Amino acid sequence: RADNPVGATAGWRMMAHISTARMGVDGGGGEAGEWRFWIDPHSRGYMAYSAVSLLMLLYDLTVIPFMLAWDVAFDSVPLMSGWYTPAFWTLDLLISFTTAFYRDGEIVTDSRRIARQYLVGRFPLDTVIVVCDWSSFFLAHSVVGSEHGAKALR
C-alpha cells in the first residue's frame, strides 16, 4: 500500500529505503523524482546494528579503562581496537543522520527533518566524542616508543 511509509511487503522492510517521492513510499513530500534515503528504525538490520552498538559501548566502558588502569601495552588487539572503535562511532554518526524517527505516532522519513532532528539532538555530543576518540588515537600513536606518553594522552 502506498499510504504505508514503511511498506506493506517484507521486501520493503529492509534496513535502508531508497525511494522517490513520486512512488509515495518515503512520505517525504519532496519534489517528484527527488531521491530519499532513510533507515527504518524497526528493521532487522537496524536492530542488529543497535545490538552491535551496545556491544561496542560495553567494550569502550570496560576494556579501555582496564587497559589504561593496569598499563596494558597498546599492541595487537588493543592497537586494532584503537582503529575500529573510533571508526565504528564515526559510522554511527553518519547512520544517525539517516535513521527515521517517530513524531506524534507517525514515522518521519523526510531526509531534511531527520537531519534537523539529529543536529539539534545528539549530534553535538556525538561529534565531541568522535573527535576526542580520533584525537587521542592519533596523538597516542604519534608518541613513538612511549607507552606512558600514550597513556597520558588518553
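Remember, predicted model here, so these are calculated numbers, not experimental data. (Residues numbered from 1 in each chain as written. Predicted model: local features only at pLDDT ≥ 70, side-chain atom pairs only at ≥ 80, totals over all residues. Heavy atoms only, no water.)

### Remarks on the side chain of T98
Within the secondary structure, T98 sits in the loop between α2 (77-96) and β3 (101-103). The contacts of T98, once residues within four sequence positions are left out, are F37, W38, I39 and I114. (Helix = DSSP H or I, 4+ residues; strand = E, 2+ residues; numbered from the N terminus. Contact = heavy atoms within 4.5 Å.)

### Here's the deal with the confidence of the model for the chain
For the chain, the average pLDDT comes to 75, and 66% of its residues sit at 70 or higher. Confidence, expressed as mean pLDDT per element, reaches its minimum in the chain at strand β1 (residues 16-20) with 47 and its maximum at helix α3 (residues 111-120) with 95. pLDDT under 50 marks residues 19-30. Its contacts with residues more than four places away, or in other chains, come to 32 contacts. (pLDDT = per-residue confidence, 0-100.)

### Brief notes about unusual backbone geometry
Note: most residues except glycine have negative phi, and most peptide bonds are trans. Unlike most non-glycine residues, D104 shows phi in positive territory, near 55 degrees. Looking at the element boundaries, D104 is found in the loop between β3 and β4 (106-108). The class of D104 is exposed, set by a relative accessible area of 76%. (Buried < 20%, exposed > 50% of the residue type's maximum accessible area, 1.4 Å probe, protein only.)

### So, the pattern of salt bridges
Evaluation of the coordinates by the stated rule reveals one salt bridge. For the salt bridge of R122 with D126, the shortest nitrogen-to-oxygen distance reads 3.6 Å. Look at R122 and you get partly exposed, because its relative accessible area is 47%. (Salt bridge = Lys/Arg side-chain N within 4 Å of Asp/Glu carboxyl O.)

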